[in-house]
2 protein chains.
Amino acid sequence: MELPDGFQFAGVRAGIKETPGKLDMALIVCPDGATAAGVYTQNLFFAAPVRWDRRCTPSENVVAIIVNSGNANACTGHRGWQDAERMAEATAAACGVQPNQVLVMSTGVIGVFLPMTQVDEGIAKAHATLGATLDDFRHASEGILTTDKGSKTAFRSVELTNGTHVRLAAMAKGAGMIGPSMATLLGVVLTDAALTPGDAQSALTDAVNVSFNSISVEGHTSTNDTILLMASGKKTASPLVGEDLARLKTALSDLCIELAKMIPDDGEGATHLIEIEVTGCRTTVDADRIARTIANSALVKTAVTGGDPNWGRVMSAAGYAGIEFDVLQSSLWINDTLIFSQGNPVEFDESVVSCSMKSNRETKLRIQIGEGEAVARFWTSDLTVDYVNFNADYCT
Amino acid sequence: MELPDGFQFAGVRAGIKETPGKLDMALIVCPDGATAAGVYTQNLFFAAPVRWDRRCTPSENVVAIIVNSGNANACTGHRGWQDAERMAEATAAACGVQPNQVLVMSTGVIGVFLPMTQVDEGIAKAHATLGATLDDFRHASEGILTTDKGSKTAFRSVELTNGTHVRLAAMAKGAGMIGPSMATLLGVVLTDAALTPGDAQSALTDAVNVSFNSISVEGHTSTNDTILLMASGKKTASPLVGEDLARLKTALSDLCIELAKMIPDDGEGATHLIEIEVTGCRTTVDADRIARTIANSALVKTAVTGGDPNWGRVMSAAGYAGIEFDVLQSSLWINDTLIFSQGNPVEFDESVVSCSMKSNRETKLRIQIGEGEAVARFWTSDLTVDYVNFNADYCT
């Protein structure tokens, strides 16, 4: 768990969240500048900080990421946009750089204006406490949380062809869209490899597609989802190419999958992480659509909650995904037990499968389609009474 | 509540359902033959009876509809198809007509073969008890139920331009896809007007689009959804045309909306019926997509469960529906209170709106988009702890 070179971190309490003692701001600084890329929510009501970051990435020279939790600065109109700009300006002033070298992320309640006095104080406090230790990194990873049970971090080391090791470190937050009005998914990935802005962007986009874009809790796309990548280049003389770039991309995808799976695993009220693997499709888009449709079925989720190998719910969800396939070539395994084979029910011991579902945190659904070679994986949480209580009892 | 002329009904217990005393078969007969049309599930795993009915409709000469509840005859392969055929043949033999003059509907558990001995006995019993009273109609409407709290029926009378009154009577079942493995939506509409097969089909398709295709409980499309229309023609010398056809179509849509709304209102565990009206779109397809996306958000549903006017959840759901619109031209009313206006939050008395949500069975969400004139309405149930318990606790 070594951190990549070139970064400093701080996590502080600014007083944005009501709960006393909870950290609610994070600052990540790369004093010598980093290549940066971002992937953002597709929601039309994207929040002000998303609008800011879209303008600033990809970039060859980003110095800081400033994050607040407890307020999403979404659906806040013109004033919200000014507030996001002011967050970037204040952070830039503290770091002695230009505002467009600062990226901004916000997460928390929707439709409420940011308390800018607290935000300004938080930025100053965070800048004053920057450090490069693992503890500093952990504080930052705590400053971005909302309803998460704990911080979500992941690390990788990649050996390049010349024997150099570059490092990747990442943090994320999100437990479903279950916050005060709506929590959101935020993530930051840092590396000390050098990358061109174009490579940084494509590596991040590819990694996010198989990780953060392949998870759900209830399928409600937030207004603030943002994943950022910063590459300090401290460990490599020049941007990675060829085999080295490929190795970094593999490690980046792997890291993002590890981190992304923590989100539905920590989904509000979740008692199971559900992995859905769809194989044998014509395209990965088809496979993804089928996996996503199964993942978002409340009937599939509640079946897993109850440890019930209710295969009719899984196959019928596949059947309404909008992808054409031959049902007589389709099969289903639950936790590696064949349940439905080539369009026909299979006799199986329900008590054994049910027991494996009940006694494991993870339930695996594997659907084989007979149309091609493409594969997709998707992760979601089950749907429990606690999820409903949490989201029904909360009052804005 | 007069029944249309030309029909006979029976509802009996054949022993397909385990619960003693529950009716589980229904028979509707139009001895002199009726024009018939059908609208069916789009699920690839459509059940055997759906396959049968698709082949037989639209038609000028359907004599009977045979229905069983307690078993969906879905995902049952070749044997399931034979069983559906045999249901049609046995009913045709009892009525003295050809099998392709009989339509079949099944609803209940998925992936289990029909108990054909009971089905055969049920057909004989139903045929022996046919009658044309309102009680007979009610028995039939009970024979098609699964997890519904009670039977769902609706009636209309339409005055034609010559002063004749034609009647419409309809029954439906469905309480979400919440049955043993999956319940389904079935409906039958009967009229004594005469219709050509083409007009019957287009009238039914139009009516279903604004009614049964505009409701959801959890959005999981079943394998068995079927709505059938039978027109006996007993009250009109020739098929309706012009203004008379238009009047019938209006009454048919109105009737179907009344009946369709009963389904999410009776959604498993539902404490609220949610009506979503989206106005000002470029096309009805756009409006429908936005309404449907809001309806299927677990966060919107749980907000209504809790009586929480959580407008951020509603607008952000509209924002990920995949329809382009100007967010600065969009507004939201909850139970007629303006909450979000032209892209900006409005100050409103939360306690008043929350109280109106808590004290009424129905919550209305109205979203105005500034792109055109098209409108869509959609109805769904809220998401409650009882829904989760019902679907998690059930074991196949």
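Residues numbered from 1 in each chain as written. Chains lettered and ligands numbered in written order. Predicted model: local features only at pLDDT ≥ 70, side-chain atom pairs only at ≥ 80, totals over all residues. Heavy atoms only, no water.

(A) Examining the overall build of chain A more closely. If you tally the helices and strands in chain A, you get 11 helices and 15 strands. Relative to a compact globule of 396 residues, whose C-alpha radius of gyration would be 21 Å, chain A shows 22 Å and is just as compact. Counting only C-alpha atoms, chain A reaches 70 × 55 × 35 Å along its principal axes. Buried positions account for 62% of the 396 residues belonging to chain A. Put simply, of all contacts in chain A between residues at least 6 apart along the chain, 79% involve residues at least 24 apart. (Helix = DSSP H or I, 4+ residues; strand = E, 2+ residues; numbered from the N terminus. Rg over C-alpha atoms; globule rule 2.2 N^0.38 Å. Buried < 20%, exposed > 50% of the residue type's maximum accessible area, 1.4 Å probe, protein only. Contact = heavy atoms within 4.5 Å.)

(B) The interface of chain A and chain B, seen in detail. Listed by partner, the interface residues are 57 residues for chain A and 56 residues for chain B. For the chain A and chain B pair, buried surface summed over both sides reaches about 4400 Å², with 63% attributable to carbon and sulfur atoms. Where chain A packs against chain B, one counts zero salt bridges. At the boundary of chain A and chain B, one finds six residue pairs in polar contact (both at pLDDT 80 or more). Those elements that provide at least two residues to the side of chain A that touches chain B are helix 8 (298-305), helix 9 (311-319), strand 13 (344-345) and helix 11 (385-393) of chain A. Each residue belonging to the side of chain A that touches chain B can be placed in one class, and the counts come to 28 nonpolar, 24 polar and five charged. (Buried area = accessible area lost by both parts, 1.4 Å probe. Salt bridge = Lys/Arg side-chain N within 4 Å of Asp/Glu carboxyl O. Polar contact = N/O pair within 3.5 Å; in protein donor to acceptor, adjacent residues only side chain to side chain. Nonpolar A, V, L, I, M, F, W, Y, C, P; charged D, E, K, R; others polar.)

(C) Structural detail: the domain arrangement of chain A. All names here are of chain A. Under the domain assignment, chain A is made up of domain 1 (8-265) and domain 2 (273-393). For domain 1 and domain 2, the distance between their C-alpha centroids amounts to 32 Å. Opposite the 15 residues of domain 1 that make contact, domain 2 presents 17 residues. Where domain 1 abuts domain 2, roughly 1300 Å² becomes buried across the two surfaces, and 50% of that area is made up of carbon and sulfur atoms. (Domains from an automatic or database assignment.)

(D) Up close: helix 8 (residues 298-305) of chain B. Residue and element names in this part refer to chain B. Of all eight residues making up helix 8, seven are buried, and the element is well covered by its neighbours. Taken together, the buried positions of helix 8 are occupied by Ala-298, Leu-299, Val-300, Lys-301, Thr-302, Ala-303 and Val-304. With a side-chain oxygen positioned 3.1 Å from the backbone nitrogen of Leu-299, the residue opening helix 8 is Ser-297. Looking one or two residues past helix 8, Gly-307 carries a phi angle of roughly 65°, positive in sign.

(E) Region of the structure containing the packing of helix 7 (residues 284-295) of chain A against helix 9 of chain A. Residues and elements named next belong to chain A. One can describe the packing of helix 7 onto helix 9 by two numbers: an axis separation of 8 Å at closest approach and a directional angle of 135°. If you check the angle between helix 7 and helix 9, you find them oblique. Note that helix 7 runs across helix 9; the crossing there is right-handed. Here helix 7 contributes Ile-290, Thr-293 and Ile-294 to the contact with helix 9, which in turn contributes Val-314, Ala-317 and Ala-318. (Axes fitted to C-alpha atoms, helices over the stretch in contact; angles between N-to-C directions. Parallel < 35°, antiparallel > 145°, perpendicular 65-115°, else oblique. Left-handed = near helix turned anticlockwise from the far one by under 90°.)

(F) Just the pattern of salt bridges, in detail. Under the definition given, this model contains 33 salt bridges over all chains. Ionic pairing is found between Lys-152 of chain A and Asp-148 of chain A, a salt bridge with its closest N-O pair at 2.7 Å. Judged by relative accessible area, Asp-148 of chain A falls into the buried class, the value being 8%. Across the salt bridge formed by Arg-247 of chain B and Glu-243 of chain B, the nearest N and O atoms sit 2.9 Å from each other.

(G) Quick look at the relation of the copies chain A and chain B. Rotating chain A by 180° and moving it 0.0 Å along the rotation axis overlays it on chain B with an RMSD of 0.0 Å. Those values place the two copies in the arrangement expected of a two-fold rotation axis. Closest approach to the rotation axis within chain A is made by the C-alpha atom of Val-385 of chain A, at a distance of 2.5 Å. Of all interface residues in chain A, 98% are interface residues in chain B too; the two copies therefore contact each other through one and the same surface. (Least-squares fit on C-alpha atoms with pLDDT ≥ 70 in both.)

(H) Up close: the packing of aromatic side chains. Summed over all chains, the structure comprises 12 aromatic pairs over all chains. Considering the side-chain rings of Trp-52 of chain A and Trp-81 of chain A, the 6.0 Å spacing of their centres and the 50° angle between planes classify their relative orientation as tilted. Separated by 29 residues along the polypeptide, Trp-52 of chain A in helix 1 (residues 48-56) and Trp-81 of chain A in helix 2 (residues 77-95) bring together distant segments of the chain. Note on accessibility: Trp-52 of chain A and Trp-81 of chain A belong to one class, buried. One aromatic cluster is present, built from ring pairs that chain together Phe-45 of chain A together with Trp-311, Phe-325 and Phe-340 of chain B. The ring centre of Phe-46 of chain A lies 4.7 Å from the NZ or CZ of Arg-54 of chain A, which sits over that ring. The ring of Trp-333 of chain A carries Arg-366 of chain A above its face, with NZ or CZ at 4.1 Å from the centroid. (Phe/Tyr/Trp six-rings, centres within 6.5 Å; stacked < 30°, edge-to-face > 60°. Lys NZ or Arg CZ within 6 Å of the ring centre and 35° of its normal.)

(I) Here's a closer look at the sheet that holds strand 12 (residues 337-341) of chain B. All names here are of chain B. With mixed pairing, seven strands are arranged side by side in an open sheet as 8-15-10-14-11-12-13. The open sheet is flanked by strand 8 (215-216) and strand 13 (344-345), the only strands paired with a single partner. Bridge count for strand 11 (residues 331-334) against strand 14 (residues 362-368) is four bridges, and the pairing is antiparallel. From the neighbouring strand, Ile-334 faces strand 14, where its bridge partner is Leu-365. (Pairing = 2+ DSSP bridges.)

(J) Spatial organisation of the sheet that holds strand 10 (residues 273-281) of chain A. Residues and elements named next belong to chain A. Taken together, the seven strands give an open sheet; going across it, the order is 8-15-10-14-11-12-13, and neighbouring strands pair in mixed fashion. Edge positions in the sheet fall to strand 8 (215-216) and strand 13, since each of these pairs with one other strand and no more. Pairing analysis gives seven bridges linking strand 10 to strand 15 (residues 374-381), with the strands arranged antiparallel. Pairing of Ile-276 across the sheet is with Phe-378, part of strand 15. Packed onto the sheet, helix 6 (residues 242-265) meets strand 8, strand 10, strand 14 (362-368) and strand 15 and runs at close to 40° relative to strand 15.

(K) Structural detail: unusual backbone geometry. Residue and element names in this part refer to chain A. Between Thr-57 and the following residue, Pro-58, the backbone shows a cis peptide bond with an omega angle of -10°. With respect to the element layout, Pro-58 can be found in the loop between helix 1 and strand 3 (59-71). Phi at Gln-342 takes a positive value of approximately 50°, unusual for a residue other than glycine. The residue Gln-342 is located in the loop between strand 12 (337-341) and strand 13 in this model. On the basis of relative accessibility, which here comes to 35%, the residue Gln-342 falls in the partly exposed class.

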